Amino acid sequence: MASAGFLLSMIQSTVVPALPLMAAQLNTSPATVAWATTVVLLSASAMTPLMGRLGDVYGHKVAFVGVLTVTLAGSLLGALTHSVGLLILARALQGVSLGLFPLAMSVLHREMPSHRLAGSMAITASAMSVGGCLALVAGGLLTLNGADYRRIFWLSVVLCCLVLLLALRLPRRRGPGGRVDYAGAALLALGLSALLLPISQGERWGWASAPVPGLFGVAAFALCAFAWRQARSPHPLVAVGMLKNGPVLAANVAGFCVGLAMLVLYMGATYFVQAPTGSGYGFAADGLRTAFVYMLPGAIAAILAGPVLGSLVQRFGPKIVLVSGSLAGLGAMLMLTLRHDTTADVVIAIVIGDLAIAAAYASMPVLLVAHVRPEETGVANSINSITRTIGGAVGAAVVGALMVSDIKRVITGTGPIEVPAEGVYNEIFLLGAVFFVAAAAAAALVRTSPDRT
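All values reported here derive from a predicted model rather than from experimental measurement.

**Thoughts on the overall build of the protein**
Line of reasoning, step 1. When you go through the protein residue by residue, the secondary structure sums to 17 helices and 2 strands.
Line of reasoning, step 2. Whereas a compact globule of 453 residues would reach a radius of gyration of roughly 22 Å, the protein reaches 21 Å, a difference of no more than 12%.
Line of reasoning, step 3. Principal-axis analysis of the C-alpha atoms gives the protein an extent of 65 × 45 × 45 Å.
Line of reasoning, step 4. Looking at the 453 residues of the protein, the share that counts as buried comes to 56%.
Line of reasoning, step 5. Sequence separation of at least 24 residues holds for 79% of the intrachain contacts in the protein that already meet a minimum separation of 6.
Line of reasoning, step 6. A total of about 18000 Å² of accessible surface is found on the protein, and carbon and sulfur atoms cover 67% of it.
Line of reasoning, step 7. Charged side chains of the protein number 26 positive and 16 negative; the gap between the two group centres comes to 13 Å.

Dropping the structure here:
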């Protein structure tokens, strides 16, 4: 299950450093190839709750292997195609992999003994943050010196095969049965796609352009229709009433905030360290230096911290770990805001931020499981995955908007270029600090009795 969490994070983020190279090698525009990341969000948000329900109905091993098979097909298509349209289709198929996380939580809940459950869930969840960190490093390394971007997809093929071999060893257990609400799944897919599309593309389209408010209107209608249908369905795809459960609502608010803060940290730090020195800040780092000097130490720290975080969740409970991790994230963002003059300052702040994200990811599934019925484990984690995805999309959109809010021109060896003013980065990092505080506040409001823990 931990390897599945690592895989889905790698698939989601590995292409990010290679987007400009992909546009050049496919002879297309950066705006077109950016759909390689947008379509993953759309596919994941639509398919994640459906995968959780299919696991409940037909058995988690069947659904798990099915998701991995679709992901493998998308990875192979991306590795073999030379068409930008087929590349986007390949990424849509890969996006289904985000449904592995709620399935993994359900498998652990069913298979692990109670005294090892919290630690196992924490390690599996923290593997996601490790994969996200290493994905940026792997993407930069595989495309070094203009190498073929398809190496990234071949890496995904290898990882998919390895995880698939592990999944085939899972015990086959029949699900409790029931029906799958495919019409509800279609409404949810429409609503979430219409919500995420303008959030992720609004900066390119223009926030005042007609498609943006139109899509937000479609999203509101579809999601309201979905909620109405689920409230009256004997076999709901998502138990909307679950959000009335205070701890579940708090975990999802924290998930949204941490997802947003994570994108703010990674995008803000990446752009900051790559800024030319003539701008008065930044370190003129290229892609490889950004990956190895600035991002890799945090990834290594998160890897080493995974088992430790599992033990801490087991010993002190998920609430304390989530609050502590969020406050550590606050410290990382404040450090980036106030002290970013040297490489050491930035690296230390990113390491602390990566540990904070790993702690949050390790604790949220355990917090959810402590407050839902066993058969609701997959659905609860599906909702949490969606809220984190939406938070990340909002974070990326906000960073993009802030980056163009205050531009100045600097002279470099290649001529004048436009870069954000240093104050823009302070605003970006302070925004991350605010959302880490919000995550800590949401977790602190959870009342967890000793027997629940």
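After that view of the structure, there is still more to cover.
**Some thoughts on the side chain of Thr290**
Line of reasoning, step 1. Within the fold, Thr290 resides in helix H13 (residues 287–316).
Line of reasoning, step 2. Those residues in contact with Thr290, other than ones at most four positions away along the chain, are Thr270, Val273, Gln274, Ala285 and Met295.

**Details of the environment of Thr14**
Line of reasoning, step 1. Counting through the fold element by element, Thr14 comes out in the loop between helix H1 (2–13) and helix H2 (19–25).
Line of reasoning, step 2. Residue class for Thr14 comes out buried when judged on its relative accessible area of 2%.
Line of reasoning, step 3. Taking the C-alpha atoms as reference, Thr14 lies 27 Å from Val62; in sequence the two are 48 residues apart.
Line of reasoning, step 4. Leaving out residues up to four positions away in the same chain, Thr14 has contacts with Ala135, Ala138, Gly139 and Ile152.

**Some details on the packing of aromatic side chains**
Line of reasoning, step 1. Enumeration according to the criterion identifies 9 aromatic pairs in this entry.
Line of reasoning, step 2. Between Tyr149 and Phe153, the ring centres sit 6.3 Å apart and the planes meet at 80°, which makes this aromatic pair edge-to-face.
Line of reasoning, step 3. When its relative accessible area of 0% is taken as the criterion, Tyr149 is described as buried.
Line of reasoning, step 4. The buried category is assigned to Phe153, whose relative accessible area is 1%.
Line of reasoning, step 5. Ring geometry for Phe272 and Phe429: centres 6.4 Å apart, planes at 65°, overall edge-to-face.

**Description of the packing of helix H10 (residues 182–205) against helix H11 (residues 211–232)**
Helices that pack against each other are described as a pair by the angle of their axes relative to one another and the distance between those axes.
Line of reasoning, step 1. Where H10 meets H11, the closest approach of the two axes is 8 Å, and the angle between their N-to-C directions is 155°. The angle between the axes of H10 and H11 places the two elements in the roughly antiparallel class. Note that H10 runs across H11; the crossing there is left-handed.
Line of reasoning, step 2. Looking at the contact of H10 with H11, its residues break down into 21 nonpolar, 4 polar and 1 charged.

Cut-offs applied
Residues numbered from 1 in each chain as written. Predicted model: local features only at pLDDT ≥ 70, side-chain atom pairs only at ≥ 80, totals over all residues. Heavy atoms only, no water. Helix = DSSP H or I, 4+ residues; strand = E, 2+ residues; numbered from the N terminus. Rg over C-alpha atoms; globule rule 2.2 N^0.38 Å. Buried < 20%, exposed > 50% of the residue type's maximum accessible area, 1.4 Å probe, protein only. Contact = heavy atoms within 4.5 Å. Areas by Shrake-Rupley, 256 points an atom, 1.4 Å probe, with all protein chains shown as cover. Lys, Arg positive; Asp, Glu negative; His and termini not counted. Charge placed at Lys NZ, Arg CZ, Asp CG, Glu CD. Phe/Tyr/Trp six-rings, centres within 6.5 Å; stacked < 30°, edge-to-face > 60°. Axes fitted to C-alpha atoms, helices over the stretch in contact; angles between N-to-C directions. Parallel < 35°, antiparallel > 145°, perpendicular 65-115°, else oblique. Left-handed = near helix turned anticlockwise from the far one by under 90°. Nonpolar A, V, L, I, M, F, W, Y, C, P; charged D, E, K, R; others polar.

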